[in-house]
Amino acid sequence: MRRKFIVGNWKMHKGPADADALADTLKRALAGRDAKVDVGVAPPFVSLSAVVSRLKHTGILVAAQNLHSEAQGAFTGEISGEMLRQVGVAYCLVGHSERRQFFGDTDAFVEKKVAACFRSGLLPILCVGETLAEREAGKEREVVTRQLTAAIGKLQADQVPSVTIAYEPVWAIGTGKTASPLQAQEMHATIRGWLESSFPAFVARSTRLQYGGSVKGSNAAELLKMPDIDGALVGGAALNAEEFLAIVEAANAA
Ligand code: 13P
């Protein structure tokens, strides 16, 4: 009942012209496909307009990589959910580990950003995940549960399935070191268990959980076969159309 969902996070790559070219390649490749899988891309802010217009009526979803929690104001350099909505963006990443690590996104700020998504009609893709030190200390469940509780623990039950939760262990991001399918499944089961114990049963059944961290064409199938892995949030491999399409293909076959 949960459709697979593959999203490419382009991070700080691809200005408007390159982003438009990649979007166009994906559009052509995915045209007329049997839409068993939801596919999305998250270009940098300056490329959103070009990609939104290129992907209009294709069914390929467009996400922003971040937003500010306020609707407007004296926040130099920031972008609000309302502005993203005006550009035609449907989804927004929130709490990516790179934001938490390099730009001071705390659990409390992430909660406000999730609220800002709902206020402005964007669907959040909430990223959670432990660092290597936290995993080595055996704290991965505790950390992820804390991040979830802070970000979405107080939402109304019927809001939660609109949130996609991306489990991205920090030690697997950009390192080429993927979590094994069993490691990933274990954490996804923990997340689903947290949803089960925090909300009525329909929430855990219908909320999509993506895995992220060095996903590529060659390892996507075994990850996406796992019962609680409903998709992937793809970084590096999403910059290459062929690799990204291989991941979409693996999701189609899963
Ligand atoms: P990589 O796929 O490059 O490891 O990045 C994962 C990620 O951070 C997606 O948001």
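Residues numbered from 1 in each chain as written. Predicted model: local features only at pLDDT ≥ 70, side-chain atom pairs only at ≥ 80, totals over all residues. Heavy atoms only, no water.

Draft legend 1. Structural view of the overall build of the chain. Along the chain, the regular secondary structure elements total 11 helices and 8 strands. Taken against the 2.2 N^0.38 rule, which gives 18 Å for 254 residues, the C-alpha radius of gyration of the chain at 17 Å falls within 12% of a compact globule. Overall size of the chain, expressed as C-alpha extent along the three principal axes, is 45 × 45 × 35 Å. The proportion of buried residues among the 254 residues of the chain is 52%. Long-range pairs, those at least 24 residues apart, make up 73% of the contacts in the chain between residues at least 6 apart in sequence. (Helix = DSSP H or I, 4+ residues; strand = E, 2+ residues; numbered from the N terminus. Rg over C-alpha atoms; globule rule 2.2 N^0.38 Å. Buried < 20%, exposed > 50% of the residue type's maximum accessible area, 1.4 Å probe, protein only. Contact = heavy atoms within 4.5 Å.)

Draft legend 2. Region of interest: the pattern of salt bridges. Applying the stated criterion across every chain, the model contains 19 salt bridges. With a closest N to O distance of 3.0 Å, Asp24 and Arg28 form a salt bridge. On the criterion of helical spacing, the pair formed by Asp24 and Arg28 is a turn pair, its members being 4 residues apart in helix α1 (residues 16–30). Overall, the relative accessible area of 16% leaves Asp24 in the buried class. Taken together, the shared-partner salt bridges connect Glu130, Arg135, Glu140, Arg141 and Glu186 into one network. (Salt bridge = Lys/Arg side-chain N within 4 Å of Asp/Glu carboxyl O.)

Draft legend 3. Molecular detail of the sheet that holds strand β3 (residues 61–64). Taken in spatial order, the 8 strands line up as β1-β2-β3-β4-β5-β6-β7-β8 and close into a barrel, and their pairing is parallel. With strand direction ignored, the average angle separating the axes of adjacent strands in the sheet is 25 degrees. Sheet analysis places strand β4 (residues 91–94) next to strand β5 (residues 123–128), joined by 4 bridges and oriented parallel. Across the sheet, Leu93 pairs through a bridge with Ile125, a residue of β5. Contacting β5, β6 (164–167) and β7 (209–212), helix α8 (residues 181–198) runs over the sheet at an angle of about 150 degrees to β7. (Pairing = 2+ DSSP bridges. Axes fitted to C-alpha atoms, helices over the stretch in contact; angles between N-to-C directions.)

Draft legend 4. Just the packing of helix α5 (residues 107–120) against helix α7 (residues 140–152), in detail. In the contact formed by α5 and α7, the axes pass within 7 Å of each other and the chain directions differ by 45 degrees. Our classification of the angle between α5 and α7 gives oblique. Crossing of α5 over α7 shows right-handed handedness. Contacts from Asp107, Val110, Glu111 and Val114 of α5 reach α7 at Arg146, Gln147, Ala150, Ala151 and Ile152. Looking at side-chain class alone, the contact of α5 with α7 contains 5 nonpolar, 1 polar and 3 charged residues. (Parallel < 35°, antiparallel > 145°, perpendicular 65-115°, else oblique. Left-handed = near helix turned anticlockwise from the far one by under 90°. Nonpolar A, V, L, I, M, F, W, Y, C, P; charged D, E, K, R; others polar.)

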